[in-house]
Amino acid sequence: MKIYATDAESCFVDITEAVQALYDLAVGSMNFGSGFWTYEDAAPVLKLAKLMDWDADDELQKYADEKLFLTERAAYLSDNDLNAEKCLEGSQERIPTDGGYQLVTRWRVKKHDHAYSTTGQCMWYSCDAKEQDVPRR
Ligand SMILES: [Zn+2]
């Protein structure tokens, strides 16, 4: 696979190496844990990596999916006026201690109809449900 641009005389020029150098620089300098790139930043780079079958596309896919999920979840929680208090319910349990017991609150997600993001994860606060057989983008 090659990447071409046209010069001033409308001649095709192979720029594959130049684009790959920029790709390597961008992906190599990318700290996946930092969250520096938005989904909109990562998506076209991912598209290029897949098209060219370059390294790091799995990592890029995971990064882009996580960014997309967080963006969609934030919008979903906001649109539905949901927060941790509305999504979680606590129950108190007695934990035995040396001198008697201690009350501990256990939190779990309230019953709800899962609302899946494009990436197949439920967008409810703290819900780990994943949709099965989500087609890959
Ligand atoms: Zn859920």
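Here, the structure is the one placed above.
Residues numbered from 1 in each chain as written. Predicted model: local features only at pLDDT ≥ 70, side-chain atom pairs only at ≥ 80, totals over all residues.

### Things to note about the overall build of the chain
Moving on, step 1. Helix and strand content of the chain: four helices and four strands.
Moving on, step 2. In the chain, the order of α-helices and β-strands from amino to carboxyl end is β-β-α-α-α-α-β-β.
Moving on, step 3. Its C-alpha atoms give the chain a radius of gyration of 23 Å, clearly above 14 Å, the size a compact globule of 137 residues would have.
Moving on, step 4. Partitioning the intrachain contacts of the chain with sequence separation of at least 6 by distance along the chain shows that 36% fall at a separation of at least 24. (Helix = DSSP H or I, 4+ residues; strand = E, 2+ residues; numbered from the N terminus. Rg over C-alpha atoms; globule rule 2.2 N^0.38 Å. Contact = placed C-beta atoms within 7 Å.)

### Comments concerning the environment of Asp57
Moving on, step 1. Locating Asp57 in the fold gives a position in helix H3 (residues 57-79).
Moving on, step 2. Non-local contacts of Asp57, meaning those with residues more than four positions away in its chain, are made with Leu46, Ala49 and Lys50.

### Here's the deal with the environment of Val45
Moving on, step 1. Assignment of secondary structure puts Val45 in helix H2 (residues 39-52).
Moving on, step 2. Along the backbone, Val45 and Gly90 are 45 residues apart, and their C-alpha atoms lie at a distance of 43 Å.
Moving on, step 3. Sequence-distant contacts of Val45, that is, excluding residues within four places in its chain, are made with Ala26 and Leu60.

### Details of H3
Moving on, step 1. Over its 23 residues, H3 runs 32 Å from end to end, which matches the ideal 33 Å to within 8%, given 1.5 Å per residue.
Moving on, step 2. Looking at the buried residues of H3, the elements they touch are helix H1 (16-28) and H2.
Moving on, step 3. Looking one or two residues past H3, Asp81 carries a phi angle of roughly 50°, positive in sign. (Expected span 1.5 Å × (residues − 1).)

### Some thoughts on the nonpolar core
Moving on, step 1. Core analysis: the largest hydrophobic core is formed by nine residues, namely Val27, Ala42, Val45, Leu46, Ala49, Leu60, Tyr63, Ala64 and Leu68.
Moving on, step 2. Looking at this core, the elements that each hand over two or more residues are H2 and H3.
Moving on, step 3. Sequence-distant contacts of Leu46, defined by excluding residues within four places in its chain, comprise Asp57, Leu60, Gln61 and Ala64. (Core = buried A, V, L, I, M, F, W, Y, C linked by C-beta atoms within 7 Å. Buried ≥ 20, exposed ≤ 12 C-beta atoms within 10 Å, placed from the backbone.)

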